[in-house]
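# What the coordinates show
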Amino acid sequence: MKTSAAIIFTIVLIGLIALGTAPHAESHTKSDTPEAAVHIFFDHVRAHDWNDAFAMVNPGDGVTKESFVRDIAGTDGSLKTISSIQKVDTKTLNNSGSEANVRANLQWSTAVGAVHETRDFKLTNSGGDWKLDWSAPQQVQQAADAKPVQTNYLRWDVVSSGSNSNEWGVANAEPPRTRIISMNAVDYNGSVVIMGEVVNEDTVPGFVTINADLIGQDGNSLAQESSFDKISHTLLPKEVSPFRIDFPGRKLAEVKSVKISPTNLLVPASADPTVGVFDQHIEKDATGKAILRGQLTNQSGLVVNIPHVLATFYDKSGKVIWVSDGYLDQALKPNQQVPFAVDVRDDIANQVQNYRVTVNYYNSSRS
Amino acid sequence: MVALLAIAVHGPLLLMQLPAFAAGSQTQMFLAKHYASDWFGLWNPHWFGGFSQTTSAPLTQQVVALLSHLFGITAAYMVTQLAVVVLLSLAVYRFARVWTGARTAPIAAIGSIFLGSLALLVYREGALPATAGTALAICGASFLYGFARGNEVLSLIKAVLLLIAAACCDSMTAVYGILLFALPTLWLASADADNEEFGERRSPAATFIRGVIVLAACAVVSGFILAPFWSSVFHSSHRLLSPDETASNFLLQGSNAVRYWIVPFGFMILALPYLFLSGFAARRTRALFLAFFVALVVGLGTTTPVAKYLLGGFDNALSVELFTFWATLLALPLVAVLVLELVTRYQQRAVILVWVAAVLTFAAPLAWMTYHPSTENRFRTDYIANFLNRDNHAQFRYLTLGFGSQFSEVASRTNASTVDGIGDGPMLPEAREFGVSHLDNAKSYGSAGMEALRAVLKHANQYGLKFIFVRDRYYEPLIAFAGWRQVEAYENGNVTLWSKEDVPPARDLNTHTTLPGIERVLWGVVPLLCLILALLLMIATPERDEEVEIMALPTTGTEPIRTQEAI
Amino acid sequence: MTKLFDTLFIILTLACAAAAQVTVPQQATAGEAATLQVSGGGTLYLVGPGTAIKRDVKSGEVTLSADDLAYAGRYTAIVNGRAQSFYVSPAKPQKLSFMARPSRVPVAQPNVISGAVFVLDHNDNLVTAPGAVKFELGVNGQAPVSQSVPTKDGIAYIRAASGKREGPAQFTASVGDIVVRRIVQQVASDPCNLRMKAQRSGNDIAVETDPVRDCSGNPVPDGTIVTFIETTNEHGKSTVDARVKHGVAKAMLPALPGATLSVASGVVLGNEIRWGGQ
């Protein structure tokens, strides 16, 4: 009785443990299909298990384990260095038995929120196991002869007051003058979207935030939102930034008026970095979606850790018809070019007559 | 003597305020501080932009609040925790005496002092409510035996008061702990009912039913007292668990096996074969073993599917840890029998080895905590509190990011309100959409956490959220792109303050709910009253040892049986 | 019975009132002592702007101190129910409260600087008597522009054009020998005649503006954004938002045959260059 009861309870315990562990242990252990191989590969990436991840790729010319890790884990404080893969959805595009193409919709959890990426992987079957063909990252081009210069010299004169006393009438320097130079409101995807451009007309840098209040037909406020990250907050003199404010779940028909309230603040700002935006052009991607592509070139001496691209699209009358943005997961090193792409709304792609790309940035180095 | 030993072992550690910075203890002290300032005003404006204290069972917070008027809040917490540890050892003494006899009771009681699982809960988690609830539940269960088997009215009163007090300490204990300790005890009472060795012969079924009725009555009464709490539990929305809170599979994650199973059990793992062999074999301890087995299995977390089905929405790491704690407590009477046999057989050698094992079992969690601290690089929060408390800064709300267990510490020190919080408070609609309850730790929830943080920051103006204190630079890009500017730095730049200029002062979020007066009085008075009455009754009417018969467990010892009172 | 007592009380009060007389000064100035003539003695109540005094006085001359009459305005003196009012005028101007807006202004703009002066005496009473305030606006090294503005109810107001030279402008307001100074920073206006030149630099084009100045010849501040734009049919558009450093803005653009180079700053457009060479 003593022993048999112990055996029964031990068996029950082991059985329960097996029941609890088996589903986890079984999932994605074998890369016997192209999609499973992609899933396993990203499981290794998620676990930062670079050895196993590299073992699952067919390295192309010039791909070493170090370059592979740099490619997938990021360098120089880029967004990729503070991202982790969250979700992988795969779809086999074609499979010949020896070669296959798999499209992976990747969801990254990053420091600026969820970032979605679609990547097509080519896989090769080697001895029953599928491996991902991994080519060297797109060569980051050197911008020839560009001379990075870091500016220490700036001439901004801010005069606070003419008196040291506390007397009435003495005021500190005013915030910079900014002006909203264009504005448009549209219905899009179940939201009201307010967009436009703001310029710093002053001679000193400003920190700008734009808040908008939708006023309903009855004169009451319907919703309040802000430009959040869809603006370049720090504006140097004469700098123009697009802005976009989304009001989810609202319709333009409900709105009687929009109250825009920009907030300006006089701030110190660096004149660096200067980022050039080259080869801007709109094209269709593999799925037929309109994309604005180009190259970013850092023409200064500072590394830009996280670049943020803001694109403004204009119609033939010069009106802003859309503002879209995107974060780059690579850092911009001095004199180097990095490709970027931002979405263009398909329904307005034909109306786009002109566009302008500005680059906002975050640098991790603190002054 | 057991009580003195408990004080000798835990007293110095608590005097050093070892658990002062555990996340749980900080939360308890934060909640207790509110009771200390406004006992019946249950609306606390400092977390979640305002929340009701009824989202957490009140008793331990009320005791700490009461004692804080004498000792200050931190010392009051430590004194309460020490009292709980002492009470636990006495409860285990009573419990073991019921199950395995008076000879084993002191051994089990001493064992309870050195439990690794207890050390982890007290010193790492700061789980005062769970340990207090458990101690009261065990005590209540042993008195329930006295009533069910012996029909003693005084035992009935003590059992009822203790079980209600236990339920008012901790929700997990209220739902699972009381059943885990009380049901086997009732089974034992009914098993002993037709045995004249344990008193007058009674009907086993009637004995069991009588006990169940008492349990049900306790459940109804405590449910009535804690009605606002249960209401908030049932109306709370789905919450994601961060990886730290998730009960993981121990086979797949070895580090968690060490943390949640090996360290809490310590050398008791060596006794598992004995427990399996003799626990179910002896008729009287069969129910105890079954309860132990259930607690053991649930304590394995997602290593087995049981925890998920049994715990439902409660299947977090702390719940699993609590079940392991209960498993070790339920095993103690049986382990005490083993120790007694070993000592009888091997004399002094066994005594030395058992003591060494006990001490090492207790030391292991403390050593483990040293090498795996819950908060690395602790920092001073007084700069932050000073900033928030001056120049009308408290008229705005604030947010901390990456503060970990020191989140509550900031909240305790400042008059300002945060939109974040710990526990079952009302999440902001933006965070509720993603099921993220604790924004300070947003990144650990993955993209859901960061999206929730983005959504809340987007509406910063509506919440008066002007100040963000950042201790984890991971969050800096988001808040910089979102329009906050760094304005101050503390602790050599490890903690930075970010501010947004256009944020208006915070206004009431109109989530304030006022409980009816009767509910507030019940909440504020009855739990503490039950505890005080139960303790007074226990002190005023100590049971004589000879009233409890020695259990019929075979021991091979030849030494005379010596019983003693624990107090 | 009660009615009889009430009647007696009223008669006695009136008799006392009739006995006490107060004579107020014809002219009084804020911050200067003045005298009242009281006959009959009793309790003096003095009520005025920011002032309420109760004092027992004897028959004869009662001196009100300078502090009693610190504020200009209408005062009422009451002695035993007899009230007399008198007016206390502000003293001579001693202070100027000068508000100048804005603190920063582009050069050569009409009516962009405003100044308002409140003429006050030493007790901060607004001096309402007509007078004149002299405003002067000048940048270092240049003769200031001055204008005299009469006050109306103690306030003088002016709108002035900004000067042509950038720099901190001294904006002063004076009454007699009382002078108050404010600084208005005159800053360069929008760039004017924005011109760039381009030359090959390896595989790129180095573009550089001439010194960027406004229409008055003032250099625009460093950090001002100048946008260089290169447009081709094949390669789309390339832009660089360059910052003015040491008065000029520079950038590198890809050397693409047939490219059109243009430059702009804010809403101001500069010249265009057609890049044709290889």
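On a predicted model such as this, the values are computed, not experimentally measured, just so you know. (Residues numbered from 1 in each chain as written. Chains lettered and ligands numbered in written order. Predicted model: local features only at pLDDT ≥ 70, side-chain atom pairs only at ≥ 80, totals over all residues. Heavy atoms only, no water.)

### Notes on the overall build of chain A
To keep it simple, the criterion reads: Runs of H or I in DSSP of at least four residues are treated as helices and runs of E of at least two as strands, each being numbered from the N terminus. Only protein chains enter the calculation, and the probe is 1.4 Å; a residue is then buried if its accessible area is under 20% of its type maximum, exposed if over 50%, and partly exposed in between. A contact between two residues is defined here by any heavy atoms of the two lying within 4.5 Å. Accessible surface is estimated by sampling points in the Shrake-Rupley manner with a 1.4 Å probe; for residues, cover comes only from the protein chains shown.
Of regular secondary structure, chain A possesses four helices and 18 strands. Sorting the 367 residues of chain A into buried and exposed places 49% on the buried side. When contacts within chain A are restricted to residue pairs at least 6 apart in sequence, those whose partners lie at least 24 apart make up 64%. About 16,600 Å² of surface is accessible on chain A, with carbon and sulfur atoms providing 49% of the total.

### Points about the overall build of chain C
Formally: Atoms considered for the radius of gyration are the C-alpha atoms alone. The globule rule reads 2.2 Å times the number of residues to the power 0.38.
A tally of regular secondary structure across chain C gives one helix and 25 strands. Compactness check: chain C gives a C-alpha radius of gyration of 36 Å against a globular reference of 19 Å for 278 residues, more than 25% above the reference. By the burial criterion, 49% of the 278 residues in chain C qualify as buried. Sequence separation of at least 24 residues holds for 55% of the intrachain contacts in chain C that already meet a minimum separation of 6. Per element, the accessible surface of chain C, about 14,000 Å² overall, is 53% carbon and sulfur.

### Observations concerning the packing of aromatic side chains
Heads up, the rule is: Any pair of Phe, Tyr and Trp rings, taking the six-membered ring for Trp, is counted once the centres come within 6.5 Å. Such a pair is stacked with planes under 30 degrees apart, edge-to-face with planes over 60 apart, and tilted for the rest. By definition here, charges over rings are those cases where NZ of Lys or CZ of Arg is within 6 Å of the ring centre and within 35 degrees of the ring normal.
In this structure the tally under the stated criterion is 46 aromatic pairs over all chains. Here the aromatic rings of F41 of chain A and F42 of chain A are separated by 5.1 Å at their centres, their planes lie at 80 degrees, and the arrangement is edge-to-face. Comparing F41 of chain A with F42 of chain A shows no difference in burial state: the two are buried. Pairwise contacts between aromatic rings join Y383, F387, F396, Y398, F467, F469 and Y490 of chain B into one cluster. We note K466 of chain B situated over the ring of F396 of chain B; from NZ or CZ to the ring centre the distance is 5.0 Å.

### Examining helix α18 (residues 406-413) of chain B
All names here are of chain B. Here α18 lies mainly inside the structure; seven of its eight residues are buried. Here α18 has its buried residues at Q406, F407, S408, E409, V410, A411 and S412. Turning to α18, the residues buried within the fold contact α2 (23-37), α17 (382-389), β3 (397-401) and β4 (417-418).

### Here's the deal with the packing of helix α10 (residues 204-225) of chain B against helix α11 (residues 227-235) of chain B
Working note: a packed helix pair is described by the angle between its axes plus the distance between those axes. All names here are of chain B. Here is the rule: Convention adopted: a line fitted to C-alpha atoms gives each axis, helices being fitted over their contacting stretch, and angles between N-to-C directions are expressed from 0 to 180 degrees. An angle below 35 degrees is treated as roughly parallel, one above 145 as roughly antiparallel, one from 65 to 115 as roughly perpendicular, and anything else as oblique. Ten residue types, Ala, Val, Leu, Ile, Met, Phe, Trp, Tyr, Cys and Pro, are classed as nonpolar, four, Asp, Glu, Lys and Arg, as charged, and the remainder, Gly among them, as polar.
Contact pair α10 / α11: the axes reach a minimum separation of 4 Å and the direction vectors enclose 80 degrees. Between α10 and α11, the angle falls in the class roughly perpendicular. Where α10 approaches α11, its residues G223, F224 and I225 are matched on the opposing element by A227, P228 and W230. Considering only residue class, the contact of α10 with α11 consists of five nonpolar, one polar and no charged.

### So, the pattern of salt bridges
The test is simple: Any carboxyl oxygen of Asp or Glu within 4 Å of a side-chain nitrogen of Lys or Arg constitutes a salt bridge here.
All told, the structure shown has 33 salt bridges over all chains when counted by the stated rule. A salt bridge links R46 of chain A to D43 of chain A; the shortest N-O distance between them is 2.8 Å. Of the two residues, R46 of chain A and D43 of chain A are both situated in helix α2 (residues 34-46); the distance of three residues between them amounts to about one turn of the helix. Look at R46 of chain A and you get partly exposed, because its relative accessible area is 38%. For D43 of chain A, a relative accessible area of 27% puts it in the partly exposed group. Several salt bridges share partner residues, and in doing so they unite D229, K230 and D325 of chain A together with R454 of chain B into one network.

### Regarding the sheet that holds strand β6 (residues 178-188) of chain A
Residue and element names in this part refer to chain A. Here is the rule: Should DSSP find at least two bridges between two strands, the strands are taken to pair.
Taking strand neighbours across the sheet as the criterion, the three strands line up as β6-β7-β11 in an open arrangement whose pairing is antiparallel. Since the sheet does not close on itself, it has two edges, and those belong to β6 and β11 (240-248), each with one partner. Strand-to-strand, the axes of this sheet are offset by a mean angle of 20 degrees, without reference to chain direction. Bridging between β6 and strand β7 (residues 191-200) involves ten bridges; their strand directions are antiparallel.

### Thoughts on the pairing of strand β5 (residues 51-57) of chain C
Residues in a regular strand project their side chains so that they alternate between the two faces of the sheet. Relative to β5 of chain C, strand β4 (residues 42-48) of chain C runs antiparallel, the two sharing seven bridges. Within the sheet, the bridge partner assigned to V47 of chain C lies in β5 of chain C and is A52 of chain C.

### Observations regarding the state of the cysteines
Rules: For the purposes of this analysis, a disulfide is any pair of cysteine sulfur atoms at a distance within 2.5 Å.
The final tally for this structure, using the stated rule, is one disulfide over all chains. Between the sulfur atoms of C192 of chain C and its disulfide partner C215 of chain C the distance amounts to 2.0 Å. Between C192 of chain C and C215 of chain C, the S-S torsion sits near 85 degrees, and that sign places the bridge as right-handed. Of the two residues, C192 of chain C is situated in strand β17 (residues 191-192) and C215 of chain C in the loop between β20 (213-214) and β21 (225-232); the sequence distance between them amounts to 23 residues. The thiol of C139 of chain B is not disulfide-bonded; the next cysteine sulfur, from C169 of chain B, is found 12 Å away. Residue classification places C139 of chain B among the buried residues on the basis of a relative accessible area of 1%. As a non-bridged cysteine, C168 of chain B has C530 of chain B as the owner of its nearest cysteine sulfur, 6.4 Å distant. Classification of C168 of chain B by relative accessible area gives buried; the value is 0%.

### What to know about the domain arrangement of chain A
Interfaces are frequently sized by the accessible area removed from exposure as the parts join. Defined as follows: Domain start and end points were adopted from an automatic or database domain assignment.
Per the domain assignment, the segments of chain A are domain 1 (28-134), domain 2 (178-266) and domain 3 (275-362). Look at where the C-alpha atoms of domain 1 of chain A and domain 2 of chain A centre, and you get two points 39 Å apart.

### Description of the nonpolar core
Definition in use: Take the buried residues of types Ala, Val, Leu, Ile, Met, Phe, Trp, Tyr and Cys, join any two whose side-chain atoms come within 4.5 Å, and each joined set is a nonpolar core.
In this structure, F292, W326 and L329 of chain B are the most contacted members of the largest nonpolar core, which totals 150 residues. Broken down by element, this core gets its largest block of residues, 22 residues, from helix α16 (residues 317-371) of chain B. Ignoring anything within four residues of it in the chain, the contact list for L329 of chain B reads L88, V92, S112, L115, T134, I138 and F181 of chain B. The next biggest cluster of nonpolar side chains, apart from the first, holds 30 residues, and it includes A111 of chain A together with Y463, L465 and V470 of chain B.

### Describing the pairing of strand β9 (residues 221-226) of chain A
For strand β8 (residues 206-216) of chain A and β9 of chain A, the ladder comprises five bridges, and the chain directions are antiparallel. Bridge pairing in β9 of chain A links L214 of chain A to A223 of chain A.

### Comments concerning the interface of chain B and chain A
The cut-off we apply is this: Here the quantity called buried area is the total loss of accessible area, with a 1.4 Å probe, experienced by two parts when brought into contact, counted for both.
Residue-level contacts link 48 residues of chain B with 47 residues of chain A. Buried surface at the junction of chain B and chain A, summed over both partners, amounts to about 4,000 Å²; 66% is from carbon and sulfur atoms. It is S447, Y474 and F481 of chain B in chain B that bury the most area against chain A; as a group they hold 18% of the surface buried on that side. Residue R454 of chain B is joined to D229 of chain A by a salt bridge in which the shortest nitrogen-to-oxygen separation is 3.1 Å. Mapped by element, the contributors of at least two residues to the side of chain B that touches chain A are α13 (272-278), α14 (286-298), α20 (447-458), α21 (460-463), α22 (476-481) and β6 (485-490) of chain B. Here the residues of the side of chain B that touches chain A sort into 24 nonpolar, 14 polar and ten charged.

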